[in-house]
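Understanding the architecture of this molecule
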Amino acid sequence: MIDNAVTPRRISFRFSNLTILRWAKWLAIVLLFALFYGRVVAELVADWYRYETFSYGFLVPFIAAYLVWQSRDRLKLISPKPSFWAAFPLLIALLLGLIGQAIGDVFSTRVSMIMALASTFYLLLGREFFKPLWFPLLYLMLMIPPPYVLIKNLTYHLRYLDAAHGANILEFLGIPVFVEAYFIHLPNMTLEVADVCSGMSSVFALFALGTVYAYFLPIRASLKVFLAVCTFPFAMAANLIRIVVIAVLAYNFGAIVFQSTFHWLTGTTVFLLALLMLISTGELLRRKFSLTVVRDAGRNEIAADFDSRDTSVVSSWLPHGVCIFVFTATLILANSLGNGQKMHLNSDLRLLVSPETHGLVQSKFPDLYQDANADEALSVVTTSQDENPIEVFVGYRGEQAGGIRLGSPKINFPEHWNSVWLKPANVEVAGDTSIRGTWMLTRKGNSARLVIYWYQIAEDTFSGEFENRIRQLQRAFLERRTDGAVVRIATPLLDGESVEQAQERLRLLSVQLYSRLTKILPA
């Protein structure tokens, strides 16, 4: 009698403990994931809010959640079967996140987050459970803004294409026009195809919506991919129509076009026009190539209840234990890398252009280059021996980690300035030593400046940011330091002056600055 009375309590207590343990192992993984990627999510949301081009990112997680909800009935019938092979892609994803944190690359850390999320699901729930989740997880990639270097390059080329094709259409319409780079010269005014007029903002938003729209269409997978790819030409075609319409109105009515709300409204209509093109094409494909959707009800008959499989504490905790171990080890390593040495300069950067520097005198100059992430910076204008102004910027940061690093002169410009072309620079200093940098011609309206820039770590120079980051990664793991400097020197391209003459002016100052900077930077 006594045993029969106690047994139900023991069973109830044991069931309660198993339930708590079952929830505890999932909560532990969620907590570790949040500790490692919490700041990544916060910075990602901040970018959606800060940059209008990527504001569509707010919708992507909700769309992905809806896609998962659509598969809820199928997921209920699938029995989770952990797959330990997924521990390897999880480890790779976390290492990618570590590398991104070490070199301050936010894109790689964000990609790492989605990869780690997918690998965790695969590890804990298995292949059959992962099948309905692969597209929603992959779709989450679209909420990550592409690297700014890529966006800047695409925007740069789109501006040229829009100006060239827009001019061809205007000539076809009988409007006299002359194209110079991304400037469209009309008889009564000059139009500039600026970054915001390149149509880049419509491209990404349309691709995000077009991908999920194509996913739900009952057509072949190849046609779905084709429709998603079509979002790019649709967005560019709509933007080209906008440019032509504005140019025609400016030619006929003058600058009043830019003082009205029409110029602002056309930015919205570009996206709507491109979306209309996409939907029209999708409906055409659906009518001609529609497939009959047949649901396979028998494939999930082998499903079992989740709780019924959790009979062994070891078998239940083993995949979760592996996941917890990998995340914990990565967090420890990340903390170790994050506690690297913060270096300091040997002396003041102002000594680079002191009054004793061979006649270089500070003077006034508009639109100076700046970098808010620099711990210490020198931003002045000096005068060369031929009394032409030269802008000098040297930025130094003692630790470049956690997504905070020095900016790239290739993608950061003073307001309204843009690059026209870039070429490699190799400036000999002395003996076998040379500065490996980049020549860049920039322009704002009718003003042009020639720039030379490079990245410098001690005595080593790098022309590109990728080389610089690889070196920083090596130093982060071997020396636990990520300090470095960026040097940018610019001079106006005077009327009647050749690029070679301006290059010589910058070359002489580059040699002087490099020799002094090697003594100021920590070895």
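I will try to describe carefully the structure that is included in this document.

The subject of this paragraph is the sheet that holds strand β2 (residues 183-185). Taken in spatial order, the three strands of this open sheet run β1-β2-β3, and their pairing is antiparallel. Both outer strands of the open sheet, β1 (178-180) and β3 (190-192), are each paired with one neighbouring strand and no more. Shown here is a sheet whose adjacent strand axes are inclined to one another by a mean of 20°, direction ignored. Bridging between β1 and β2 involves three bridges; their strand directions are antiparallel. Across the sheet, the residue bridging to E180 is F183, located in β2.

Glancing now at the packing of aromatic side chains. Inspection of the entire model under this criterion finds 16 aromatic pairs. Summarising the aromatic geometry, the rings of Y66 and F216 are spaced 6.3 Å apart at their centres and angled 55° between planes, so their arrangement reads as tilted. With Y66 in helix α2 (residues 59-70) and F216 in helix α9 (residues 200-216), the pair connects residues that are 150 residues apart, well separated along the chain. Here Y66 falls in the partly exposed class, since its relative accessible area comes to 41%. For F216, a relative accessible area of 41% gives the class partly exposed. Aromatic pair Y453 and Y455: ring centres 6.4 Å apart, planes at 90°, arrangement edge-to-face. In this structure, Y453 and Y455 share a single accessibility class: buried. An aromatic cluster of at least three residues, connected via ring pairs, comprises Y66, W69, W134, F135, Y139, Y215 and F216.

With that settled, the discussion passes to the pattern of salt bridges. Evaluated as defined, the whole model comprises 17 salt bridges. Note that E283 and R286 form a salt bridge whose closest N and O atoms lie 2.8 Å from each other. Of this pair, E283 and R286 both sit in helix α13 (residues 262-289), three residues apart, which is roughly one turn of the helix. Since its relative accessible area comes to 25%, E283 is described here as partly exposed. Taken together, the shared-partner salt bridges connect D47, R50 and R110 into one network.

Here we take up empty space enclosed by the protein. For the structure shown, the criterion picks out two cavities of 30 Å³ or more. In this structure, the largest cavity spans a volume of roughly 80 Å³. Around the largest cavity, the lining residues are I103, Q400, R405, L406, Y455, E465, N468, R469, Q472, T482 and V486. No other element matches the four residues that helix α16 (residues 465-478) contributes to the lining of the largest cavity. For the lining of the largest cavity, a count of residues per class yields four nonpolar, four polar and three charged.

Okay, the packing of helix α10 (residues 221-229) against helix α11 (residues 231-253) next. One can describe the packing of α10 onto α11 by two numbers: an axis separation of 4 Å at closest approach and a directional angle of 25°. In terms of orientation, α10 lies roughly parallel with respect to α11. Between α10 and α11, the contacting residues are L227, A228 and V229 on the first element and T231, F232 and P233 on the second. Its residues assigned to classes, the contact of α10 with α11 shows five nonpolar, one polar and no charged.

Compared with an ideal rise of 1.5 Å per residue, which puts 14 residues at 20 Å, α16 spans 20 Å between its outermost C-alpha atoms and is within 8% of the ideal. Among the residues making up α16, those that are buried are E465, N468, R469, Q472, L473, R475 and A476. Phi turns positive, to about 55°, at R480, one or two residues after α16.

Counted at 1.5 Å a residue, the expected span for α9 with its 17 residues is 24 Å, and the 25 Å between its end C-alpha atoms agrees. Listed as buried for α9 are M200, S202, V203, F204, A205, L206, A208, G210, T211, V212 and A214.

Here the focus is the environment of P522. Mapped onto the secondary structure, P522 falls in the segment after α17 (499-520). Taking the relative accessible area as the measure of exposure, P522 reaches 6% and is therefore buried. Taking the C-alpha atoms as reference points, P522 and H344, separated by 178 residues in sequence, lie 6.8 Å from one another. Not counting the four nearest positions on each side in its chain, P522 is found in contact with M343, H344, L345, N346, Y396, A458, R481 and D483.

Secondary-structure assignment places T211 in helix α9. Using a relative accessible area of 14% as the deciding quantity, one classes T211 as buried. Along the chain, T211 and L142 lie 69 residues apart, while their C-alpha atoms are 9.6 Å from each other. Ignoring sequence-local partners within four residues, the contact set of T211 consists of F135, Y139, L142 and A228.

Along strand β10 (residues 484-492), nine of the nine residues are buried, which leaves the element largely enclosed by surrounding structure. On β10, burial covers both faces: G484, V486, R488, A490 and P492 on one face and A485, V487, I489 and T491 on the other are all buried. As judged from the seven bridges shared by strand β5 (residues 389-397) and β10, these two strands associate in the antiparallel manner. Pairing of F393 across the sheet is with R488, part of β10. Judged from the eight bridges that link them, strand β8 (residues 447-457) and β10 form a sheet pairing that is antiparallel. Residue V451 lies in a different strand from β10, and its bridge partner there is A490.

Here A458, not a glycine, exhibits a phi torsion of approximately 55°, which is positive. Relative to the assigned elements, A458 resides in the loop between β8 and β9 (460-462). Although it is not a glycine, R480 sits at a positive phi angle of roughly 55°. Note that R480 resides in the loop between α16 and β10. Taking relative accessible area as the criterion, R480 reaches 36% and is therefore assigned partly exposed.

The rules behind these values
Residues numbered from 1 in each chain as written. Predicted model: local features only at pLDDT ≥ 70, side-chain atom pairs only at ≥ 80, totals over all residues. Heavy atoms only, no water. Pairing = 2+ DSSP bridges. Helix = DSSP H or I, 4+ residues; strand = E, 2+ residues; numbered from the N terminus. Axes fitted to C-alpha atoms, helices over the stretch in contact; angles between N-to-C directions. Phe/Tyr/Trp six-rings, centres within 6.5 Å; stacked < 30°, edge-to-face > 60°. Buried < 20%, exposed > 50% of the residue type's maximum accessible area, 1.4 Å probe, protein only. Salt bridge = Lys/Arg side-chain N within 4 Å of Asp/Glu carboxyl O. 1 Å grid on protein atoms, 1.4 Å probe; cavity = no way out; pocket = protein on both sides within 12 Å on 5 of 7 lines; lining within 4 Å. Points joined across faces, edges and corners; volume = space filled by probe spheres on them. Nonpolar A, V, L, I, M, F, W, Y, C, P; charged D, E, K, R; others polar. Parallel < 35°, antiparallel > 145°, perpendicular 65-115°, else oblique. Contact = heavy atoms within 4.5 Å. Expected span 1.5 Å × (residues − 1).

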